[in-house]
Amino acid sequence: MQVIHTIDALRAALAGQPERAFVPTMGNLHEGHLSLIRQAKAAVAGQGGLVVASIFVNRLQFAPHEDFDTYPRTLARDAELLEAAGCDIVFAPDEKTLYPEPQGYKVHPPAELADILEGQFRPGFFIGVCTVVAKLFNIVQPSVAVFGKKDYQQLMVIRRMVQQMALPIRIEAGETSRSDQGLALSSRNGYLSAMEKEQALLLSCTLKNLAARWQAGERDLPALEADAMQALRDAGWQPDYITLRRRHDLGAAVEGEPLVALAAAKLGKTRLIDNIEC
Ligand code: PAF
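Residues numbered from 1 in each chain as written. Predicted model: local features only at pLDDT ≥ 70, side-chain atom pairs only at ≥ 80, totals over all residues. Heavy atoms only, no water.

**Some words on the site of the ligand**
In the neighbourhood of the ligand, the contacting residues comprise P24, T25, M26, N58, Q61, V129, V132, D151 and Q154. One of the side-chain nitrogen or oxygen atoms of Q154 is found 2.7 Å away from an oxygen atom of the ligand. For the ligand, the accessible surface in isolation is 290 Å², of which the surrounding protein chains cover 89%. Listed by contribution, the elements that provide at least two residues to the shell around the ligand are β2 (20-25) and α7 (125-140). For the shell around the ligand, the residue count by class is four nonpolar, four polar and one charged. (Near = heavy atom within 4 Å. Polar contact = N/O pair within 3.5 Å; in protein donor to acceptor, adjacent residues only side chain to side chain. Areas by Shrake-Rupley, 256 points an atom, 1.4 Å probe, with all protein chains shown as cover. Helix = DSSP H or I, 4+ residues; strand = E, 2+ residues; numbered from the N terminus. Nonpolar A, V, L, I, M, F, W, Y, C, P; charged D, E, K, R; others polar.)

Structure below.
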């Protein structure tokens, strides 16, 4: 596996390799990322394709009060994990390489998809995500890219960008990896104390309960969502949202359509997100 830091060196390494499966990350990798790498490998297996992962902590998607400075940078360990998972090339640019000058051109995703849920509580987040992902797509030029369902809204926003911009990239969704107890794996779980890791299980339990009540026929959605918010508050969380939405566009839940329950909440100083399709 090669670890490459510059755009020119990456382009040289990729020259003549038509099939590339791409997994963009911010590093500090866990089993969830590695399962995306294995999925990427399977997507180009048999076509002699390469798996490319990127590691870049993207300042553009962090608000000034968020954890950009403290986000763990663990390149040596990440590279070992990626190699063991079958990755062929790691692209790990520094900030000057990806943003040699302030990034004036940005990708603005549509408000109805990007200013709700995460976008409501992290204004500008999806502009930062789309801008860096579009730039990475231009550099890597993959035929397939794999994004985890853990960041459900991000997956929807990227899918829509690829579709509307007619990018020749197939977006594959990777299932969320969870601990045995059900906690969705996340780089930010590393911020949790041992006791908080136990308490964090409540997020997926509350999502499951919301989904189960809907599936059992309860249809007063505002009341169901208010109960779920209260359950988290009662346990000392500060929830931003917990809601049931239509899967394909995250619009209001409609009976008979595939749905997803999504939540974001702070436990202590750590903000966690999770979702469950139902
Ligand atoms: O999901 C992430 O880790 C990031 O949002 C991504 C897609 C790598 C863009 O910085």
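**Here's the deal with a nonpolar patch on the surface**
The grouping of M1, V3 and L75 at the surface amounts to a nonpolar patch, some 200 Å² of accessible area in total. With respect to the helices and strands, V3 occurs in strand β1 (residues 2-4). (Patch = residues over 30% accessible without salt bridge, like charges linked within 9 Å, V, L, I, M, F, W, Y side chains within 5 Å. Salt bridge = Lys/Arg side-chain N within 4 Å of Asp/Glu carboxyl O.)

**With respect to the pairing of strand β9 (residues 270-277)**
Within β9, six of the eight residues are buried, which leaves it mostly tucked inside the rest of the structure. Pairing between strand β8 (residues 259-267) and β9: eight bridges, direction antiparallel. Counterpart to A261 in the pairing with β9 is I276. Connecting β8 to the antiparallel partner β9 that follows it, the hairpin turn spans two residues, and G268 within it adopts a positive phi of roughly 60°. (Buried < 20%, exposed > 50% of the residue type's maximum accessible area, 1.4 Å probe, protein only. Pairing = 2+ DSSP bridges.)

**Observations regarding helix α11 (residues 221-234)**
The end-to-end C-alpha distance of α11, which contains 14 residues, comes to 20 Å, matching closely the 20 Å that a straight helix rising 1.5 Å per residue would cover. For α11, every residue scored as buried is listed here: L221, L224, E225, A228, M229 and L232. Viewed along the axis of α11, the buried residues span an arc of 135°, placing them on a single side of the element. Structural note: α11 exposes P222 and D234 on the side pointing more than 90 degrees away from its buried face. Residues of α11 that are buried sit in contact with α10 (201-215), β7 (238-246) and β8. Phi turns positive one or two residues past the end of α11, at G236, with a value near 95°. (Expected span 1.5 Å × (residues − 1). Arc of directions from axis to C-beta. Contact = heavy atoms within 4.5 Å.)

**Some remarks on the packing of aromatic side chains**
Counting across every chain of the model gives seven aromatic pairs. Ring centres of F125 and F126 lie 4.8 Å apart, and the angle between their planes is 65°; this geometry places the pair in the edge-to-face category. Note on accessibility: F125 and F126 belong to one class, buried. A ring pair is formed by F137 and F147, whose centres lie 6.3 Å apart and whose planes are at 85°; its orientation type is edge-to-face. Placement of the pair is F137 in helix α7 and F147 in strand β5 (residues 144-148), with a sequence separation of 10 residues. An aromatic cluster of three or more residues is present, and its members are F22, F137 and F147. Directly above the aromatic system of F68 lies the positively charged group of R73, at a separation of 4.8 Å from the ring centroid. (Phe/Tyr/Trp six-rings, centres within 6.5 Å; stacked < 30°, edge-to-face > 60°. Lys NZ or Arg CZ within 6 Å of the ring centre and 35° of its normal.)

**Some remarks on the packing of helix α1 (residues 7-14) against α7**
Where α1 contacts α7, the two axes come as close as 9 Å, and the packing angle between them is 45°. The angle between the axes of α1 and α7 places the two elements in the oblique class. Residue-level inspection shows I7, L10, R11 and L14 of α1 in contact with α7, the latter providing N138, I139 and V140. The residue inventory of the contact of α1 with α7, partitioned by class, reads five nonpolar, one polar and one charged. (Axes fitted to C-alpha atoms, helices over the stretch in contact; angles between N-to-C directions. Parallel < 35°, antiparallel > 145°, perpendicular 65-115°, else oblique.)

**Considering the layout of surface pockets**
In this structure, the second largest pocket spans a volume of roughly 240 Å³. What lines the second largest pocket is a set of 16 residues, and nearest its centre among them are I55, F56, V57, R73 and P93. For the lining of the second largest pocket, a count of residues per class yields nine nonpolar, three polar and four charged. (1 Å grid on protein atoms, 1.4 Å probe; cavity = no way out; pocket = protein on both sides within 12 Å on 5 of 7 lines; lining within 4 Å. Points joined across faces, edges and corners; volume = space filled by probe spheres on them.)

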